[in-house]
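Each chain, letter by letter, is given below.
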Amino acid sequence: MIQLKSRLNVIDNSGALVAECIKVLRNARWAEVGDEIVVAVKRARPISDKTSASLSAAKIRKGDVRRAVIVRTKKEIRRPDGRYVRFDDNACVLLNNQQQPLGSRILGLVAAELRFKNWVKIVSLAPRVV
Amino acid sequence: LEICNLSGYKIYPSHGRTFVSRDSKTYRFLSSKTESLFHQKKNARDLAWTPIFRKLQRKGVSEEVVKKRTRRAVKYNRAVVGASWDAINARRTEKPEIRAAARAEAVSKAKEQRKDEAAKRKATRPSAPQGDKLNKHQARSAPAKVSRSGR
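What counts and how
- Residues numbered from 1 in each chain as written.
- Chains lettered and ligands numbered in written order.
- Predicted model: local features only at pLDDT ≥ 70, side-chain atom pairs only at ≥ 80, totals over all residues.
- Heavy atoms only, no water.
- Core = buried A, V, L, I, M, F, W, Y, C linked by side-chain atoms within 4.5 Å.
- Buried < 20%, exposed > 50% of the residue type's maximum accessible area, 1.4 Å probe, protein only.
- Helix = DSSP H or I, 4+ residues; strand = E, 2+ residues; numbered from the N terminus.
- Contact = heavy atoms within 4.5 Å.
- Pairing = 2+ DSSP bridges.
- Buried area = accessible area lost by both parts, 1.4 Å probe.
- Salt bridge = Lys/Arg side-chain N within 4 Å of Asp/Glu carboxyl O.
- Nonpolar A, V, L, I, M, F, W, Y, C, P; charged D, E, K, R; others polar.
- Disulfide = S-S within 2.5 Å.
- Phe/Tyr/Trp six-rings, centres within 6.5 Å; stacked < 30°, edge-to-face > 60°.
- Lys NZ or Arg CZ within 6 Å of the ring centre and 35° of its normal.

Quick notes on the nonpolar core
Note that soluble globular proteins tend to have their nonpolar side chains buried in a common cluster.
Residue and element names in this part refer to chain A.
Now for step 1: Core analysis: the largest hydrophobic core is formed by 21 residues, its most contacted members being V69, V71, F87, L114 and I122.
Now for step 2: Mapped by element, the contributors of at least two residues to this core are β4 (65-72), β6 (84-87), β7 (91-95), β8 (109-110) and α3 (120-125).
Now for step 3: At 3 residues, β7 tops the list of elements feeding residues into this core.
Now for step 4: Apart from the residues lying within four places of it in its own chain, the contact partners of V71 are I11, V33, A91, C92, V93, V110, A111, L114 and I122.

Some thoughts on the pairing of β4(A)
As a general feature of sheets, a regular strand has side chains that alternate between the two faces.
All names here are of chain A.
Now for step 1: Relative to β4, strand β3 (residues 36-44) runs antiparallel, the two sharing 5 bridges. What sits directly across from E36, in β4, is V69.
Now for step 2: Summarising the sheet, β4 and β7 pair through 5 bridges and their orientation is antiparallel. In the strand pairing of β7, R72 is matched with A91.

Some thoughts on the interface of chain A and chain B
One frequent convention defines the size of an interface as the accessible area lost when the parts assemble.
Now for step 1: With 13 residues of chain A at the interface, the matching set in chain B holds 14 residues.
Now for step 2: Here chain A and chain B share an interface that buries about 1200 Å² over both sides, 43% of which is from carbon and sulfur atoms.
Now for step 3: Among the residues of chain A in contact with chain B, R83(A), R86(A) and D88(A) are the three that bury the most area, contributing 47% of the side total.
Now for step 4: Counting the contacts that link chain A with chain B gives 4 salt bridges.
Now for step 5: Among the ionic pairs, R17(B) bridges to E76(A), the shortest N-O distance being 3.2 Å.
Now for step 6: The element that contributes the greatest number of residues to the side of chain A that touches chain B is β6(A), accounting for 4 residues.
Now for step 7: Looking at the side of chain A that touches chain B, its residues break down into 5 nonpolar, 1 polar and 7 charged.
Now for step 8: Where β6(A) meets strand β3 (residues 17-20) of chain B, 4 bridges bridge the pair, whose relative direction is parallel. Across the sheet, V85(A) pairs through a bridge with T18(B), a residue of β3(B).

Points about the pattern of salt bridges
Residue and element names in this part refer to chain A.
Now for step 1: Here the structure, examined in full by the defined rule, presents 17 salt bridges over all chains.
Now for step 2: The shortest N-O distance in the salt bridge between D35 and K117 comes to 3.6 Å. One end of the pair, D35, is in the loop between β2 (16-24) and β3; the other, K117, is in the loop between α2 (113-116) and α3, and 82 residues separate them in sequence.

Remarks on the side chain of D64(A)
Now for step 1: Mapped onto the elements of the fold, D64(A) is located in the loop between α1 (49-54) and β4.
Now for step 2: Setting aside residues no more than four positions away along its own chain, D64(A) makes contact with V39(A), A40(A), V41(A) and K59(A).

Quick notes on the state of the cysteines
Residues and elements named next belong to chain A.
Now for step 1: The full count for this structure, using the stated rule, is 0 disulfides over all chains.
Now for step 2: C92 provides the cysteine sulfur closest to C21, a residue in no disulfide bond, and the two sulfurs are 9.2 Å apart.
Now for step 3: Residue class for C21 comes out buried when judged on its relative accessible area of 0%.

Focus on the packing of aromatic side chains
Residue and element names in this part refer to chain B.
Now for step 1: Under the defined criterion, the tally for this structure stands at 5 aromatic pairs over all chains.
Now for step 2: Ring geometry for Y9 versus W49: centroids 6.1 Å apart, planes at 25°, classification stacked. Taken as a pair, Y9 in the loop between β1 (2-3) and β2 (10-11) and W49 in the loop between α1 (32-39) and α2 (51-56) lie far apart in primary sequence, 40 residues in all.
Now for step 3: Judged by its relative accessible area of 33%, Y9 is partly exposed.
Now for step 4: Ring geometry for Y27 against F29: centres 6.4 Å apart, planes inclined by 10°, an arrangement best described as stacked. Both residues of the pair, Y27 and F29, count as buried.
Now for step 5: Of the aromatic side chains, those joined through ring pairs into one cluster are F19, Y27, F29 and F38.
Now for step 6: When the ring centre of W49 is taken as reference, the NZ or CZ atom of K33 above it lies at 4.1 Å.

In structure tokens:
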């Protein structure tokens, strides 16, 4: 249940740490796991000359506006077998305009709903899918 | 069929919730009650209604325990100071006919022995007078018996 002004943890290695939702890219108020949103980066890892060489082309700074996909929510998700799953925090992964993840690695686990919403690349990068 | 992480009850499909914590551990809860208690960091061992508590405090187990505690006396084959094990066993496994025959033999033997002894005694002893047997004092003091036929 992510909406305007919701803060999410960024769990890839793009450099951002905390992002704030500024738009839900659905004709709805809330976004769930697997939905795309527009975020503004609120906290990012400091960029030095060393890190810039190892990162991919995109350098994320505080105040950047990017797209992201939600991977974990504190609000429970209903599974088809009647099970409800909920995580301890809200988390997202930053995307570029072609819906490819910006970072090259994902830290932490993601919800299995991503697979059914066709975020296959993220699922394959994730160390654990619940 | 899963088990509730807090209470230990069985969770049937489409019941309860799954919670994934920050350190990627997955917990299954049967109800909002158990979920709430988990987040309050309650220990199941302190909650009197949980099976874990009951097991620790051994509630409702007494019926089973009483039945199992019967002890059995073990039988050993032992020799006694007076008789070795072989002797004891031999005696035990003797047939009754043999025993009767042995007893009859012993009885007849004893009788024979007694007869011999009686005969021996008779031979060695001088023939005792038919009258009274008196000792020295009585012999002096008491008057001699007078036979009536003398008059």
